[in-house]
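A closer look at the structure
This is what each chain is made of:
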Amino acid sequence: MSLLRNKKGLSVVVTTLIILVVSVLLATIVTLYAINVTTTRVQEEALHLSKQHVWYNTTGSWAQAAIVIVNTGGKDVVLDKISVRGQESPWTDLYYWRTNNVTVSDDLEVTPTNITGTSFNILVEDEMRLFRQADDDLTLKSGWTIVVYIMNPDSVALNDVGIPVGITVFTSNAQYYKEANIEAAQ
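Now for a description of the structure that goes with this document. (Residues numbered from 1 in each chain as written. Predicted model: local features only at pLDDT ≥ 70, side-chain atom pairs only at ≥ 80, totals over all residues. Heavy atoms only, no water.)

1. A closer look at the pattern of salt bridges
Inspection of the entire model under this criterion finds two salt bridges. Between R85 and D160 there is a salt bridge; the shortest N-O distance is 2.7 Å. Here the residue R85 occupies a position in the loop between strand 3 (77–84) and strand 4 (87–88), and D160 occupies one in the loop between strand 9 (145–151) and strand 10 (164–171), the gap between them amounting to 75 residues. A relative accessible area of 30% means that R85 is categorised as partly exposed. Across the salt bridge formed by R129 and E127, the nearest N and O atoms sit 3.6 Å from each other. (Salt bridge = Lys/Arg side-chain N within 4 Å of Asp/Glu carboxyl O. Helix = DSSP H or I, 4+ residues; strand = E, 2+ residues; numbered from the N terminus. Buried < 20%, exposed > 50% of the residue type's maximum accessible area, 1.4 Å probe, protein only.)

2. Thoughts on a negative patch on the surface
Side chains of D106, D107, E109, D126 and E183 sit close together on the surface and give a patch of like negative charge. Summarising the element assignment, D107 is placed in the loop between strand 5 (94–99) and strand 6 (119–124). (Patch = residues over 30% accessible without salt bridge, like charges linked within 9 Å, V, L, I, M, F, W, Y side chains within 5 Å. Areas by Shrake-Rupley, 256 points an atom, 1.4 Å probe, with all protein chains shown as cover. Lys, Arg positive; Asp, Glu negative; His and termini not counted. Charge placed at Lys NZ, Arg CZ, Asp CG, Glu CD.)

3. Quick notes on the pairing of strand 10
Summarising burial for strand 10: seven of the eight residues are buried, a large majority. Two strands pair when backbone bridges link them, and strand 3 and strand 10 are joined in this way by five bridges, in the antiparallel orientation. What sits directly across from L79, in strand 10, is T171. Where strand 10 and strand 11 (residues 175–185) come together, seven bridges link them in antiparallel fashion. Counted as the bridge partner of F170 is Q175 from strand 11. Linking strand 10 back to strand 11 in an antiparallel pair, the connection comprises three residues. (Pairing = 2+ DSSP bridges.)

4. So, the environment of T99
Its location among the elements puts T99 in strand 5. Among the residues examined, T99 registers a relative accessible area of 5% and is labelled buried. Each C-alpha atom, one on T99 and one on A134, is 16 Å from the other, the two residues being 35 residues apart in sequence. In contact with T99, other than residues within four places in its own chain, are W144 and T145. Polar side-chain contacts of T99 include one of 3.2 Å to the backbone nitrogen of V102. (Contact = heavy atoms within 4.5 Å. Polar contact = N/O pair within 3.5 Å; in protein donor to acceptor, adjacent residues only side chain to side chain.)

5. Side note on the environment of R98
Here R98 lies in strand 5. In this structure, the C-alpha to C-alpha distance between R98 and S11, residues 87 residues apart in sequence, is 71 Å. If near-sequence neighbours (up to four positions away) are discounted, R98 is found in contact with T139, W144, T145 and I146. Of note is the side chain of R98, whose polar atom sits 2.7 Å from the backbone oxygen of T139.

Set out below in C-alpha cells:
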C-alpha cells in the first residue's frame, strides 16, 4: 500500500515525453551524420568536353582530331583511352597540353603539317603551346584543362568529309561522348 501512495515518481505522461524527445533527437543526429558522410566525402567525377573537331587534310592525305577536356568534378581523374569513331587511338598518336590557368575559349585549329615527334608546338589561345606525345594514361587534376590532338584517327578517310563521328573519352568510372562533323582541311 505504501508504494501506491509514493508521490516522488514521474508521471506516465512525463516519462513518455522524455522517451519521445530522446528518440527524435537521436534520429535527427543519425540522419544529419549520414547526410554529412554522403555529401562531403563522396566527390563526383565530371568532365566537360568541348571544341571537338575531326579534320581530313585533302592535300596531305592525313586526318587529325582535337578536343578540349575540362575536369569540372571534385576529384582527379585518369583518362584511360580516347576513341574516334569507335576506334581506340594509340597513345603514341595523342599529343596533349595541360593547364590550370588558361581558359580555352577560342576554337581549335587544324595544324598546317602532320604532327610528329615527341613534342609539337600548336597555336592555342593565340600562343604557341608545347604539346607532348602521350605514352600512357593521362591524369587530369580537378579544375584543370587538357587539350588533346590525335593524329590519324582510325577509319577517317576522304569520303568521310561531312559525316558526323563520335569522340569518346574513357575514365575508370565513366565514358564521355561528343560528336563532330569531319571537316576538310586545306
